[in-house]
Amino acid sequence: MTSTSSTSSTFLPDKRSGPGVELPPPAADFARGRARRRLLNWLTAVGFQVPALVLFIGLVLLPMLFALYAAFFRWGGFGMPSDYAGTDNFTRLFQDPVFLGDLWRCLLLVVLSLALQLPFALAMAVALNQRLRGRAVYRMLFFAPYVLSEAITGVLFSMVFAPDDGLADHILGAVGLDGLGGEWFADPSYVMATLFLVMMWKYFGFHMMLYLAGLQSIPAELTEAALIDGAGPWQRFRNVTLPLLAPTLRISIFLSVIGSIQLFDLVWVVTQGGPDHHSETMAVTMFQYGFKRYQVGYASAISVVMFGICLVFALAYQRFVLRRDLEGATTTMRGDGK
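All figures in this text were calculated on a predicted structure; none of them were measured in a lab.

Engineer: Describe a positive patch on the surface, with residues and values.
Structural biologist: A cluster of like positive charges, contributed by Arg34, Arg36, Arg37 and Arg38, occupies part of the molecular surface. Here Arg37 lies in helix α2 (residues 27–70). Among the residues examined, Arg37 registers a relative accessible area of 49% and is labelled partly exposed.

Engineer: With reference to specific residues and values, describe helix α7 (residues 167–174).
Structural biologist: Residues of α7 that are buried include every one of Ala168, Asp169 and Leu172, and no others. The buried side chains of α7 occupy one side of the element, clustering within an arc of 95° when seen end-on. For α7, the secondary structure elements touched by its buried residues are α6 (150–160). Gly176 sits one or two residues past α7 and shows a positive phi near 80°.

Engineer: Go over the environment of Tyr289 with me, naming the residues and quoting the values.
Structural biologist: With respect to the helices and strands, the residue Tyr289 is situated in helix α12 (residues 282–292). The buried category is assigned to Tyr289, whose relative accessible area is 8%. The spatial distance from the C-alpha of Tyr289 to the C-alpha of Gly76 is 9.7 Å, given a sequence separation of 213 residues. Apart from residues lying up to four places away in sequence, Tyr289 is in contact with Arg92, Asp96, Tyr294, Gln295, Val296, Tyr298, Ala299 and Ile302.

Engineer: Break down the layout of surface pockets for me, with residues and values.
Structural biologist: As a volume, the largest pocket reaches approximately 650 Å³. Forming the walls of the largest pocket are 17 residues, and the residues nearest its centre are Asn129, Gln130, Ala220, Thr223 and Thr241. Elements with a minimum of two residues in the lining of the largest pocket: α5 (135–147), α8 (191–216), α9 (220–228) and α10 (233–261). Partitioning the lining of the largest pocket into residue classes produces seven nonpolar, five polar and five charged. Residue lining of the second largest pocket: 19 residues in total, with Ala67, Met286, Ala299, Ser303 and Val304 positioned closest to the centre. Those elements that place two or more of their residues in the lining of the second largest pocket are α2, α12 and α13 (296–320). The biggest single contributor to the lining of the second largest pocket is α13, with eight residues.

Engineer: Got a sec to walk through the nonpolar core? Specific residues and values, please.
Structural biologist: If you look at the biggest cluster of nonpolar residues, it comprises 22 residues, and the most contacted ones within it are Leu109, Phe161, Phe185, Val198, Met199, Leu263 and Leu266. The dominant element in this core, judged by the number of residues it contributes, is α8, at eight residues. Among all residues touching Leu109, those that are not within four sequence positions of it are Met192, Phe196, Met199, Ser260 and Leu263. Among the nonpolar cores identified, the runner-up in size contains 19 residues, and Tyr298, Ala301, Ile302 and Cys310 belong to it.

Engineer: With reference to specific residues and values, describe the pattern of salt bridges.
Structural biologist: Across all of its chains, the model carries four salt bridges by this definition. Residue Glu150 pairs with Lys202 through a salt bridge whose shortest N-O separation is 3.8 Å. Of this pair, Glu150 sits in helix α6 while Lys202 is found in helix α8, placing the two residues 52 residues apart along the sequence. No difference in accessibility class separates Glu150 from Lys202, as the two residues are buried. A single network of salt bridges, built from pairs that share partners, joins Arg74, Asp83 and Asp88.

Engineer: Describe the packing of aromatic side chains, and please don't skip the residues or the numbers.
Structural biologist: The description of an aromatic ring pair uses the distance of the two centres, along with the angle that the planes make with each other. Tallying each qualifying case throughout the model produces 25 aromatic pairs. The ring centre of Tyr298 lies 3.8 Å from the NZ or CZ of Arg92, which sits over that ring. Here Arg293 stacks its cationic end above the ring of Tyr289, 4.4 Å away from the centre of that ring.

Criteria and thresholds
Residue numbers restart at each chain and count upward from 1, following the sequence in its written direction. The predicted nature of this model means local features are confined to residues of pLDDT at least 70 and side-chain atom pairs, given and counted, to a pLDDT of 80 or more, with totals for whole chains, interfaces and linings taken over all residues. Note that the side-chain values use all heavy atoms of the structure and ignore hydrogens as well as water. To count toward a patch, a residue needs a relative accessible area above 30% and no salt bridge. Like charges then connect within 9 Å, nonpolar side chains (Val, Leu, Ile, Met, Phe, Trp, Tyr) within 5 Å. Every accessible area reported is derived by Shrake-Rupley at a probe size of 1.4 Å, with residue values counting cover from the shown protein chains alone. By salt bridge we mean one thing: a side-chain nitrogen of Lys or Arg within 4 Å of a carboxyl oxygen of Asp or Glu. The charge count treats Lys and Arg as positive and Asp and Glu as negative. His and the chain ends do not count. Here the site of a charge means atom NZ of a Lys, CZ of an Arg, CG of an Asp or CD of a Glu. Comment: elements are numbered from the N terminus, with helices defined as DSSP H or I runs of at least four residues and strands as E runs of at least two. The rule is simple: take the accessible area with a 1.4 Å probe, protein chains only, and divide by the maximum for that residue type; under 20% is buried, over 50% is exposed, in between is partly exposed. The reported arc concerns the directions from the helix axis to the C-beta atoms and nothing else. Here, residues are in contact when the closest pair of their heavy atoms is within 4.5 Å. Detection works on a 1 Å grid of protein atoms alone, calling trapped sets that fit a 1.4 Å probe cavities and calling open sets with protein on both sides within 12 Å along at least five of seven lines pockets, with lining residues defined by an atom within 4 Å of a point. Grid points are joined across faces, edges and corners, and a volume is the space filled by probe spheres set on the points. Gly counts as polar in this scheme, as do all residues outside two lists: the nonpolar Ala, Val, Leu, Ile, Met, Phe, Trp, Tyr, Cys and Pro, and the charged Asp, Glu, Lys and Arg. Here the nonpolar core consists of buried residues drawn from Ala, Val, Leu, Ile, Met, Phe, Trp, Tyr and Cys, with membership extended through side-chain atoms lying within 4.5 Å. Only centres within 6.5 Å qualify two rings of Phe, Tyr or Trp (six-membered ring in Trp) as a pair; their planes then separate them into stacked at under 30 degrees, edge-to-face at over 60, and tilted for everything else. Geometrically, a lysine NZ or arginine CZ counts as sitting over a ring once it is within 6 Å of the ring centre and also within 35 degrees of the ring normal.

By themselves, these observations are geometric and do not establish any function.
Rendered as structure tokens:
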């Protein structure tokens, strides 16, 4: 009886089995399938990243490293650098009155951008965030200059500010201000101010759209609550809108400063750095020495200094200004957040 019972129990069907019910796979097969899925996911991620990584290394990293290498040579751009100059290019750089003037003009553009361009863009964003008839058209019109290329903008304003025959001189003459017109881009006293007007017209729409996006992300309930509490327009802007818009303002300031440091194409099309270097920027000076005078080693030293200025500013700005915005912004693959 015992043997019969044990034998029959061996062939008893599993109560968990039946039509439409599958038993779980063995642990070893499950582990192998999980490992294959991980490998497939890893290969997929690598496959998507390799093309971008190849382009970054070939078009960004290697040229940067070669520019750093060439900065220590007297090199005309033909063949490989062989005339080692040590730090002579950098010593010459900081004794060059043109480059020192570039630093001053860069600082001037940064100050003007922060003091005039960004406040004007913020004011226009606040105005166009109100319930205005046709505000979509106004937004499009103010953003349109940013869509134009720098080359088109430069050619356009070269005609607008052309001496005697330009639109600017005609407008001033029509309102009886003929004495204010003249050689806008040819006079060393006015060339930077005129150039900044062109820059402001070109780029303020970009910052305006940034501010509009930030304003529209502010909950309307907060403004309504301040209004109920009796806060006036300025109090609501100062105590509600401006603090909540601060992250957008910080990003806008960062982009404006970096753009002023690297400014090239608009200046090159309009003035090519003239008259007598009075509108030259670091990028224009680098281009002049590298592609006009064939002093590529010296131009490489300028590019290294430009990169160093941007890098130091970016790291300092991230450390001391963007720190609050970046806290908690990084994520990990672990569920515990560690």
